[in-house]
Amino acid sequence: MSTDAIVLLKEDHKEMRRLFREFQDAQEGPPRRRQELVTRILAALTVHTYLENEVMYPEVRRLLPDLEDDILESYEEHHVADVLCAELATMDADDERFVAKTTVLIENVTHHVEEEEQEWFPKVREALGRKQLQEIGERMLALRPDAPRTPTAPKALKKALDALTA
Ligand SMILES: [Fe+2]
Ligand SMILES: [Fe+2]
């Protein structure tokens, strides 16, 4: 199994896209199904964003100052996603805003993931060696069991609150 940071993050992105498609396919079904899918989407996003915020982003920022603007924009996109996730976590699937809010979350995250994969991950791959990317990946794998799994977990909320009050 690869421990390359970009490979690992792209695997997460693939799983997110799969869950997004499942949600889109569940538009006509029972609200319970959409609720269950949103719970899984929120968990996947919370873990992934946490690992990027704690390891990948600060490391890229430190090693590649030229990518500072991309990283800052990405942090802001994470923050928008955090707010939507925190709102969805307390919302019922039969709320009239539930599908709309989830759709906006999916659109935002899809855009964000495309920017990561197409705009700045390739620059990171080019600038850092294989060994460095593997070390970053290993740190993310080690941190994964401790990552928050719901947007309302204290570690996840702290990030959203820090961003709001900074
Ligand atoms: Fe991200
Ligand atoms: Fe990502």
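Not measured: the values here are computed from a predicted model.

**So, the coordination of the iron ion (ligand 1)**
Next up, step 1: Coordination sphere of the iron ion (ligand 1), protein contribution only: E52 (OE), Y57 (OH), H78 (NE2), H112 (NE2) and E116 (OE), at 2.1 to 2.6 Å.
Next up, step 2: Every donor residue of the iron ion (ligand 1) comes from the same chain, spaced as E-x4-Y-x20-H-x33-H-x3-E.
Next up, step 3: Owing to a relative accessible area of 0%, E52 belongs among the buried residues under this scheme.

**Focus: the coordination of the iron ion (ligand 2)**
Next up, step 1: Protein-derived coordination of the iron ion (ligand 2) comes from H13 (NE2), H48 (NE2), E52 (OE) and E116 (OE), at a distance range of 2.1 to 2.2 Å.
Next up, step 2: Relative to the metal, the four donor atoms surrounding the iron ion (ligand 2) lie at angles of 84 to 177 degrees, and the coordination shape comes out irregular.
Next up, step 3: Along the chain, the residues that donate to the iron ion (ligand 2) are spaced as H-x34-H-x3-E-x63-E.
Next up, step 4: In this structure, the iron ion (ligand 2) lies 3.2 Å from the iron ion (ligand 1), and both are coordinated by E52. With H13 in helix α1 (residues 5-25) and E116 in helix α4 (residues 98-127), the pair connects residues that are 103 residues apart, well separated along the chain. E116 shares its class with H13; the two are buried.

Cut-offs used in this document
Residues numbered from 1 in each chain as written. Chains lettered and ligands numbered in written order. Predicted model: local features only at pLDDT ≥ 70, side-chain atom pairs only at ≥ 80, totals over all residues. Heavy atoms only, no water. Donors = N, O, S within 2.8 Å, 3.2 Å for Na, K, Ca; no water. Buried < 20%, exposed > 50% of the residue type's maximum accessible area, 1.4 Å probe, protein only. Tetrahedral: all angles 85-135°; square planar, octahedral: opposite > 155°, others 65-115°. Helix = DSSP H or I, 4+ residues; strand = E, 2+ residues; numbered from the N terminus.

No statement about biological role is implied by the geometric values presented.
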